[in-house]
Structure formats: structure tokens, C-alpha cells
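Given next are the chains, with one letter for each unit.
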Amino acid sequence: RNDRYAREKMAASLEALRALYLNKGYINFDINSSNLNISEDKKHIFIEVSIDEGQQFKFAETKFLGDALYKTEELEALKLYKDGETYSQEKVNGVKQLLQRKYGNAGYYYSEVNVVPEINNENHTVSLNYYINPGQQVTVRRINFAGNTKTADEVLRREMRQMEGALASNEKIELSKIRLERTGFFSKVDMKSVRVPG
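So, here is what we can say about the structure in this document.

About the thresholds
Residues numbered from 1 in each chain as written. Predicted model: local features only at pLDDT ≥ 70, side-chain atom pairs only at ≥ 80, totals over all residues. Heavy atoms only, no water. Helix = DSSP H or I, 4+ residues; strand = E, 2+ residues; numbered from the N terminus. Rg over C-alpha atoms; globule rule 2.2 N^0.38 Å. Buried < 20%, exposed > 50% of the residue type's maximum accessible area, 1.4 Å probe, protein only. Contact = heavy atoms within 4.5 Å. Areas by Shrake-Rupley, 256 points an atom, 1.4 Å probe, with all protein chains shown as cover. Lys, Arg positive; Asp, Glu negative; His and termini not counted. Charge placed at Lys NZ, Arg CZ, Asp CG, Glu CD. Pairing = 2+ DSSP bridges. Axes fitted to C-alpha atoms, helices over the stretch in contact; angles between N-to-C directions. Salt bridge = Lys/Arg side-chain N within 4 Å of Asp/Glu carboxyl O.

### Concerning the overall build of the protein chain
A tally of regular secondary structure across the protein chain gives 5 helices and 5 strands. Walking the protein chain from its N terminus toward its C terminus, one meets helices and strands in the order α-β-β-β-α-α-β-β-α-α. For 198 residues, the compact-globule formula gives about 16 Å, and the C-alpha radius of gyration of the protein chain, at 23 Å, lies well above that figure. Dimensions of the protein chain, computed from C-alpha atoms along their principal axes, come out at roughly 70 × 50 × 30 Å. Classification of the 198 residues of the protein chain by burial places 26% in the buried group. Excluding contacts between residues fewer than 6 apart, the proportion of contacts in the protein chain whose partners are at least 24 apart in sequence is 56%. For the protein chain, the computed accessible surface area is about 13700 Å², with 46% contributed by carbon and sulfur atoms. Of the side chains in the protein chain, 30 bear a positive and 28 a negative charge, and the two mean positions are spaced by 8 Å.

Shown next as C-alpha cells:
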């Protein structure tokens, strides 16, 4: 049944096609139309997709703007691409995630990073501005366990690498989750952070 037509699969395929081109530098890529044609015996569907590739673009200058807190060299080290390299949306998204992780590990758990591209259609280059808003540092007020019926609370707390009263850290929270999963007491471990007003 994998080859049966489904509208959702078609939409996903078109998005995959768009992602493919964006990761190969074709930032102006566009899908003009997609048509379905049914065979005479009504057993097969032929799909025709009309596309406009546009020109291939390369990375130009990258800036880290807003309240960066760190030196430019430290943030530059997180870049997954070099100037002059073929543009890739996947790499841009990767840098955004690395920035959020860096700030999240320093207690800026709810930091925001917005990427604003500057497209030069004459030179076929894209300059990127990463606008950073770290927000306030966040401390962990309380760690609560729910659904635990197999072992004592203190046993679970021993596995935690994120401590109450300490700055929230993405890395320590993820490590705590992994350690809880490794105990073998639970089939599934979910973690949820709740912002406390003020």
C-alpha cells in the first residue's frame, strides 16, 4: 500500500523537494504547479510537477546581532558553513539550534534566535543576521516526579544532574533524562518545564 496516492503524502513529497533545493542553494526555488493524471484503466496516477529552480546562491557575511553576551569569535565557532560556500537552509537551521543550545546551557533557557537573511540577487549571495534575545537567566525552583510507583523519590534525585536552585541547563536536563531512562524502572521518561510567573 506504500505506493497508493494520498494527498498528505503528496504535500510531504513537495515539501521534501523544496527542502532539497533550499539545501543546494536554490533559495528562490518555486513550485509552479503539480498535476495529477489518471491512466485510462484508472489504476495509475501520473504526477507532473512544474518547478522554477532559479539561481544557486552562496553564503556571504554572517552577523550576530541583539544582546549577544558572547564575543563574536565564540559565536562564529558555531557556524556550520564558510563564506562562499553553497547556501544550505539545513545548515542555517543547525546554527540557530547550536546558538539556542549554547545560551540554554548558560541558564538562558528561554532564549530566542531569529534568522533574517539578506538576499543579493545580483551577486547570488545571502548574508545572514542572527538576532539574539537571551532573555533572563532561569533557575530551577523545584523538580517534581509524577507517575513513579516503583522506587523512592531520593533514588531518582540521585540520578539528576540538573539541581534545584541552580541555573537551568539544556545539557544537564537532557543528561538527567538519559540517566533516569537507564535505571530501567520506567518504560518512558518525559520531562516538561513550566515557567513560574515573575
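Structure shown, so let's carry the discussion forward.
### With respect to the sheet that holds strand β3 (residues 58-66)
Spatial ordering of the open sheet is given by β3-β5-β4, a layout of 3 strands whose pairing is mixed. Each end of this open sheet is capped by a strand with a single partner; those strands are β3 and β4 (112-120). Each adjacent strand pair in this sheet contributes to an overall mean axis angle of 20°, direction not counted. Bridge count between β4 and strand β5 (residues 125-133): 9 bridges; the pairing is antiparallel.

### Re the pattern of salt bridges
Summed over all chains, the structure comprises 11 salt bridges. Across the salt bridge formed by D153 and R157, the nearest N and O atoms sit 2.6 Å from each other. Here D153 and its partner R157 are both found in helix α4 (residues 153-159), 4 residues apart, which amounts to about one turn of the helix. Overall, D153 belongs to the partly exposed group, its relative accessible area being 33%. By relative accessible area, R157 is classed as partly exposed at 25%.

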